[in-house]
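Residues per chain are reported as follows:
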Amino acid sequence: MKKIAAFILFLIVILFFISEDISNKKDLEERSIFISYIELSKYISDDISLSKNNIDMMINNIEELGFNSVILQVRSFGDAIYPSKIYSNSLYISNSFDVLDYFSDICNSKGFKLYAWINPYRIRNDLNKDSISNDNIIYDLLDTRHIVYTSGIYFNPSSELVINLIVEGINEIINNYDITGILFDDYFYPSTDCDLEEYNSLDLDISYEEYKLGRVNELIKRVYAVCHNNGILFGISPDGNIENNYSKHSADVKTWLSNSGYVDFIMPQIYYGFFNGSRPFYNTLKEWSSLITNDSISMSVALAFYKNGVIDEWASSGKTEWIENNNIIMKEIIVSRNINNYMGFGLFRYDYLFSEDKINDNTLLEIENIKKVIK
């Protein structure tokens, strides 16, 4: 009964939003597709001609769907999908040609926006050092305070050397490629206590939690400055659960969204359905929008296209929502257009829209529904 009542209320909300004049937002919105290292490892190989044809195919698919922006993962594990003087070759794709340069050329030819997506701290998902060669800048840092080991290998966010290294890498991208902006994802502090011993040795007048937030904020401010000095945008796509950003990641989203000098836009990963038992989409969207008290900051919304047709195990009472419905993403786009400072939306990720091994009946129906509200 509660679910029926909630659905009726939702329909009322949707009808109200549809009645609003949102044509300008629709015409100007950025419609992004995330392309991760997983897609790149699948479509990029030593065969340069085939790889370029695959990139052409990806961009054409995105364009035909009515999208106008690409979020491309250029550094996922302390590496680079382009020739870099700082970072090693990509861990998962062939560096037989400059992948970022090719993406940049084709995106610019079509009038697409291109964001270079970076995971700033992650080096490996496991503790195996063998894949880090001695010509990798990370190799000499492995047994120093600049690297931490938790469930994987990570840069230490408290290290000034690490901050410099990350900023230099971003500067290298900006100086060599024609892109719209830089985007960080949701991974910040690799664990809740990775540099606790170091903090204790400093005898500071602030708490450990404040210390961690401050170290991440220092990186964010410096990246923002580098981007603005070069005329491009800087944004972050944090955990959609606002509390998790503080309890797990040391990501100070409230500070970023209420002050100048941190981000141009925020793109929270609101990967929830409308009936999620703890984080229903509409309420979460409103919470994020309310955090933006600096009018110069825009908001885009990252949406969980990958959940179409599957059980959402962590959604409690809403765990079957993505199986029972095939228009959730469409509705989320409509609702998102009515938030203040709206910039657009992005779907995670490419293969779940276009790869046969990821597509299901709900996927195909959802795509058709999305077309109704973007074309």
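See above for the structure.
All values reported here derive from a predicted model rather than from experimental measurement.

Draft legend 1. Main features of the sheet that holds strand β6 (residues 122-124). Spatial strand order, β6-β8-β7: three strands in an open sheet with antiparallel pairing. Strand pairing shows two members of the sheet lacking a second neighbour, β6 and β7 (147-149), which therefore form its edges. Each adjacent strand pair in this sheet contributes to an overall mean axis angle of 30°, direction not counted. Looking at chain direction, β7 and strand β8 (residues 153-155) are connected through three bridges and run antiparallel.

Draft legend 2. A look at the side chain of Ser 76. Within the element layout of this structure, Ser 76 appears in the loop between β2 (69-75) and β3 (79-80). Under the relative-accessibility criterion, Ser 76 is labelled buried at 4%. In this view, Ser 76 contacts Tyr 37, Asn 119 and Arg 122; residues no more than four positions away in its chain are not counted.

Draft legend 3. Structural view of the pattern of salt bridges. Within this structure, the stated rule accounts for 15 salt bridges. Here Arg 279 makes a salt bridge to Glu 287, at a shortest N to O gap of 3.3 Å. Overall, the relative accessible area of 15% leaves Arg 279 in the buried class. Relative accessible area serves as the criterion here: at 33%, Glu 287 is assigned to the partly exposed category. Through salt bridges that share partners, Glu 29, Arg 31 and Arg 337 make up one connected network.

Draft legend 4. Highlighting unusual backbone geometry. Between Phe 348 and the following residue, Arg 349, the backbone shows a cis peptide bond with an omega angle of -5°. On the secondary structure map, Arg 349 appears in the loop between β13 (342-347) and α14 (351-354). Its identity is not glycine, yet Asp 203 carries a phi of approximately 55°, on the positive side. In this structure, Asp 203 sits in the loop between α7 (196-202) and α8 (208-229). Residue classification places Asp 203 among the exposed residues on the basis of a relative accessible area of 69%. Of note in the backbone geometry, Ser 250 takes a positive phi value of approximately 55° without being a glycine. With respect to the element layout, Ser 250 can be found in the loop between α9 (242-247) and α10 (253-258).

Draft legend 5. Local environment of a nonpolar patch on the surface. A grouping of Leu 202, Leu 204 and Ile 206 is seen on the molecular surface, where their side chains present a nonpolar patch of about 230 Å² in accessible area. Its place among the elements puts Ile 206 in the loop between α7 and α8. The exposure class assigned to Ile 206 is partly exposed, which follows from its relative accessible area of 36%.

Draft legend 6. Focus on the environment of Thr 293. Tracing the sequence through the fold places Thr 293 in the loop between α11 (281-291) and β12 (298-303). Under the relative-accessibility criterion, Thr 293 is labelled exposed at 55%. Once residues within four sequence positions are removed from consideration, Thr 293 is found in contact with Leu 257 and Ser 258.

Calculation rules
Residues numbered from 1 in each chain as written. Predicted model: local features only at pLDDT ≥ 70, side-chain atom pairs only at ≥ 80, totals over all residues. Heavy atoms only, no water. Pairing = 2+ DSSP bridges. Helix = DSSP H or I, 4+ residues; strand = E, 2+ residues; numbered from the N terminus. Axes fitted to C-alpha atoms, helices over the stretch in contact; angles between N-to-C directions. Buried < 20%, exposed > 50% of the residue type's maximum accessible area, 1.4 Å probe, protein only. Contact = heavy atoms within 4.5 Å. Salt bridge = Lys/Arg side-chain N within 4 Å of Asp/Glu carboxyl O. Patch = residues over 30% accessible without salt bridge, like charges linked within 9 Å, V, L, I, M, F, W, Y side chains within 5 Å. Areas by Shrake-Rupley, 256 points an atom, 1.4 Å probe, with all protein chains shown as cover.

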